[in-house]
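Residues per chain, in single letters:
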Amino acid sequence: MSISCSTVKVTDKNGDLNFLNKEATQWRDIPKKEIKYASRKDTIVLVGGLTILQDKLIQSALQSIGENFIALPNPNFESFQKGKAFGNRGQCNPTYFTVGNLVKYLQNLRNEKGLSSEEIVQKYIYVTAGGCGPCRFGMYITEYKKALRDAGFDGFRISSFEHDKGIFQKTEEEALINFSPKFFITLVKAIIIGDVMNILAYKMRPYEVKVGSVDSAMEACRLLVSEAFSKKKNLTKALWDCRKILEKVELNRLQPKAKVMVMGEFWAAMTEGDGNYNLHRFLEAEGAECIPQPVMSRLMLSIWEAEYDLNKKEQLTTDTSKKIDFSNVKSRVLIKLAKHAVKLHFTMYAKAIGLHDYEIPDMDKLAALSKDYYTLDCEGGEGHLEVAHLIESVKHNLAHLVISVKPFGCMPSSAVSDGVQSLVTNRFPSANFLSIETSGEGAANFYSRVQMALFKAKQSAKEEFEALEIPEDIPDKVHNYLYQPKGEKAGSAAQLLSSIQHRGL
Ligand code: SF4
């Protein structure tokens, strides 16, 4: 399809001037040469960009339904440099990391595996999440294509499924990748299981007696779950088997550690590598326990936004006749189903592996907390969620420190949320809040700012713990990860101590 217009006239002070007298056509990002792409069965689909565990699980899950998927390695500093070298100026940090990571992978295929650029372009395709929005997310595909063209992969195919359209996708590569309900259900299962395992790993690792034992146990669990996907075994049963592995990990949980909520822009807060200077591991090495942001949270926000938009649409209806708009009814049913499915699967998998105390983010509650500070109509990035997380953390004493990670150049997170957070910290002076930017460079400055905020958090964790009496007999159960009492204390060790005192374990 092309859009055309006739002669464009521009008037200047001398009268009419035919400035442009040729037909204008729609610009399209098409390769210079015609390319004969490989058939579906010979095409390899590349994915990536979530946590390390989730990318691996997604690969196993999608391969199990017959799709030829390969997960890219975690983006690192070299990816960032390639993104900067081949990308446009002025992009946000996740763009550089993710675009550069794909360029790096393809260059390795060419330079180390001996594939020609033509072969790579014909055989490979990259699938990413896409979407419309006020931030750069809506332009990712164009950015990928530009960088790949300049890196010598003109015509490399990029396909996206829009994160806000769920299972109803229409793409040009539809015939090549089967974006069917089965595809999305399998994908979401892998993401949710990855979330459950990640949350548990972050709860256990700071307290391991033998360094590396939690990571080894989690790797064994990943293999079990991957096998369950590949052999189409029961996933809940696989997670139940993971319990037996995790229970063998020796923990010393009565150590007062600062609890740090890591939130902010979705990718920057979630990635586990150079994209946020390995923030989670750095915090753990400095004596903290992290509360990570699960990918499910972003999923729930997308569902919440769809419902919010639908409510607004219905309010706009001026037609007073009693006709039912069936498209709205269908959307509402689908939204309810999606919410229910995510919650159901999370609860089921969490119970099986032994994650008992985790509450699925309640999007309505978070919206209610933040609406006086950040308009709910403003979507893009994490919308009102960053503000909501900080308020929730202070009101419910969830953490000793809240770190909001924002990529350099991020519009919604740096420019909008941060402006609002100063009002929030003003109204909630007890908040220990650090907003910090990741630029891909300047790690020393980043770490030193985190250390300064962490010092105060560690003090709070210690004081909270020392205010409680340590009983002479500590029941063994306290060190078992399956024992997860809830309490009003922020620190895990303080929660355990107070549960001994109150429940007389
Ligand atoms: S939210 Fe910020 S960092 Fe993320 S894609 Fe949008 S502009 Fe980039």
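S.K.: Just checking my understanding: could you explain the overall build of the protein chain for this structure?
M.R.: Along its length, the protein chain carries 17 helices and 10 strands. Within the protein chain, contacts between residues at least 6 apart in sequence are counted, and of these 75% link residues at least 24 apart. Total accessible area on the protein chain stands at roughly 24700 Å², and carbon and sulfur atoms take up 54% of it.

S.K.: Teacher, can you tell me more about the sheet that holds strand β8 (residues 288–291) here?
M.R.: The pairing of strands in a sheet comes from backbone hydrogen bonds and takes either a parallel or an antiparallel form. Spatially, 4 strands are ordered β8-β7-β9-β10 in an open sheet, and the strand pairing comes out parallel. Looking at strand neighbours, the two that pair on one side only are β8 and β10 (433–438), the edges of this open sheet. The average angle at which neighbouring strand axes cross in this sheet is 30°, direction not considered. Judged from the 4 bridges that link them, strand β7 (residues 258–264) and β8 form a sheet pairing that is parallel. Residue V260 lies in a different strand from β8, and its bridge partner there is C290.

S.K.: Is there a simple way to explain the packing of helix α1 (residues 52–64) against helix α6 (residues 181–204) in this structure?
M.R.: To describe two helices that pack against each other, one gives the angle between their axes and the distance between the axes. Viewed as axis vectors pointing N to C, α1 and α6 meet at an angle of 145°, and their least axial separation amounts to 9 Å. In this structure, α1 meets α6 at a crossing whose hand is right-handed. Judged by residue contacts, L53, Q54, L57, I58, A61 and L62 of α1 engage F183, T186, L187, A190, I191, I193, G194, D195, M197 and N198 from α6. Here the residues of the contact of α1 with α6 sort into 11 nonpolar, 4 polar and 1 charged.

S.K.: I tried to follow the state of the cysteines on my own but got confused; where do I start?
M.R.: Put plainly, a disulfide is one covalent bond tying together the sulfur atoms of two cysteines. Under the defined criterion, the tally for this structure stands at 0 disulfides. We note that C221 lacks a disulfide partner, and the nearest cysteine sulfur, in C242, lies 3.6 Å from it.

S.K.: Sorry if this is basic, but what is going on with the packing of aromatic side chains here?
M.R.: Centre distance and the angle of the planes are the two values used to describe a pair of aromatic rings. Taken as a whole and assessed by the stated rule, the structure comprises 14 aromatic pairs. An angle of 45° between the planes, with centres 5.9 Å apart, marks the rings of F69 and F183 as tilted. Here F69, found in strand β4 (residues 69–71), pairs with F183, found in helix α6; they are 114 residues apart in sequence, far enough to count as distant. Accessibility assignment for this pair places F69 and F183 in one class, buried. Plain terms: the ring middles of F282 and Y447 are 4.2 Å apart, the flat faces sit at 25° to each other, and that makes the pair stacked. Placement of the pair is F282 in helix α10 (residues 279–285) and Y447 in helix α16 (residues 443–466), with a sequence separation of 165 residues. The exposure class of F282 is buried, given its relative accessible area of 14%.

S.K.: Would you take a moment to explain the environment of S160 for this structure?
M.R.: Within the secondary structure, S160 sits in strand β6 (residues 157–162). Residue classification places S160 among the buried residues on the basis of a relative accessible area of 14%. Put simply, S160 and T128 are 32 residues apart on the chain and 4.8 Å apart in space, counted from C-alpha to C-alpha.

S.K.: Is there a simple way to explain the nonpolar core in this structure?
M.R.: Soluble globular proteins: nonpolar side chains tend toward being buried together. The biggest cluster of nonpolar side chains holds 87 residues, and the ones touching the most others in it are I193, M197, V225, L239, L246, F346 and I353. Element by element, the count of residues in this core is highest for α6, at 13 residues. Sequence-distant contacts of L246, defined by excluding residues within four places in its chain, comprise L200, M204, A217, M218, C221, I353 and Y481. If you look at the next biggest cluster of nonpolar residues, it comprises 24 residues, including L102, Y105, V121 and Y124.

S.K.: Quick question: what am I supposed to make of the side chain of Q293 here?
M.R.: Mapping Q293 onto the fold places it in the loop between β8 and α11 (295–316). A residue is classified by how much of its surface remains accessible, and Q293, at 16% relative accessible area, is buried. For Q293, the side chain forms a polar contact with the side chain of H389, separated by 3.2 Å. Sequence-distant contacts of Q293, that is, excluding residues within four places in its chain, are made with M261, V262, M263 and H389.

S.K.: Where do I start with α16 in this structure?
M.R.: Residues spaced three or four apart along an α-helix face the same direction, because each turn holds 3.6 residues. Along its 24 residues, α16 runs 34 Å from first to last C-alpha, staying within 8% of the 34 Å computed at 1.5 Å per residue. When the local axis directions of α16 are compared, the greatest deviation, roughly 25°, occurs at L454.

S.K.: Explanation requested: unusual backbone geometry in the structure shown.
M.R.: The bulk of non-glycine residues show a negative phi, and the bulk of peptide bonds are trans. Although it is not a glycine, K232 sits at a positive phi angle of roughly 55°. You can call K232 exposed: its relative accessible area is 57%. For N397, which is not a glycine, the phi torsion comes out positive at approximately 50°. Residue N397 is classed as partly exposed on the basis of its relative accessible area of 33%.

S.K.: Could you clarify how one ought to interpret the packing of helix α7 (residues 213–230) against helix α8 (residues 235–246) in this entry?
M.R.: Put simply, α7 and α8 touch, their axes get as near as 9 Å, and they point 160° apart. If you check the angle between α7 and α8, you find them roughly antiparallel. The two elements α7 and α8 cross, and the hand of that crossing is right-handed. Seen from α7, the contacting residues are A217, M218, A220, C221, L224, V225, A228 and F229; seen from α8, they are L235, A238, L239, D241, C242, I245 and L246. Of the residues in the contact of α7 with α8, the class split is 14 nonpolar, no polar and 1 charged.

S.K.: What's the story with the pattern of salt bridges in this structure? I'm lost.
M.R.: Two side chains of opposite charge can pair, provided their charged atoms sit close to one another. In this structure the tally under the stated criterion is 22 salt bridges. For E227, the salt bridge is made with K233, and the minimal N-O distance between the two is 2.8 Å. With relative accessibility at 45%, the residue K233 sits in the partly exposed group. K486 serves as the salt-bridge partner of E359, at 3.5 Å between the closest nitrogen and oxygen. With a gap of 127 residues between them, E359 in the loop between α12 (326–353) and α13 (363–370) and K486 in the loop between α16 and α17 (492–503) connect regions that are remote in the sequence. Relative accessible area serves as the criterion here: at 52%, K486 is assigned to the exposed category. Connected via shared salt-bridge partners are R205, D215, R281 and E284.

S.K.: Sorry, what's going on with the pairing of β7 here?
M.R.: Each regular strand shows side chains that alternate between the opposite faces of the sheet. With respect to burial, β7 is a largely interior element, 7 of its 7 residues being buried. On β7, burial covers both faces: A258, V260, V262 and G264 on one face and K259, M261 and M263 on the other are all buried.

S.K.: What should I look at first to understand the confidence of the model for the protein chain in this one?
M.R.: When pLDDT is low, close inspection of the predicted coordinates is not appropriate. Scored by pLDDT, the protein chain has a mean of 88; 90% of the residues are at 70 or more. Here residues 1–7 is modelled with pLDDT under 50, and outside its nearest four sequence neighbours on either side it reaches 12 contacts, counting other chains as well.

Reading the values: the criteria
Residues numbered from 1 in each chain as written. Predicted model: local features only at pLDDT ≥ 70, side-chain atom pairs only at ≥ 80, totals over all residues. Heavy atoms only, no water. Helix = DSSP H or I, 4+ residues; strand = E, 2+ residues; numbered from the N terminus. Contact = heavy atoms within 4.5 Å. Areas by Shrake-Rupley, 256 points an atom, 1.4 Å probe, with all protein chains shown as cover. Pairing = 2+ DSSP bridges. Axes fitted to C-alpha atoms, helices over the stretch in contact; angles between N-to-C directions. Left-handed = near helix turned anticlockwise from the far one by under 90°. Nonpolar A, V, L, I, M, F, W, Y, C, P; charged D, E, K, R; others polar. Disulfide = S-S within 2.5 Å. Phe/Tyr/Trp six-rings, centres within 6.5 Å; stacked < 30°, edge-to-face > 60°. Buried < 20%, exposed > 50% of the residue type's maximum accessible area, 1.4 Å probe, protein only. Core = buried A, V, L, I, M, F, W, Y, C linked by side-chain atoms within 4.5 Å. Polar contact = N/O pair within 3.5 Å; in protein donor to acceptor, adjacent residues only side chain to side chain. Expected span 1.5 Å × (residues − 1). Bend = angle between axes of the 7 residues up to and from the residue. Parallel < 35°, antiparallel > 145°, perpendicular 65-115°, else oblique. Salt bridge = Lys/Arg side-chain N within 4 Å of Asp/Glu carboxyl O. pLDDT = per-residue confidence, 0-100.

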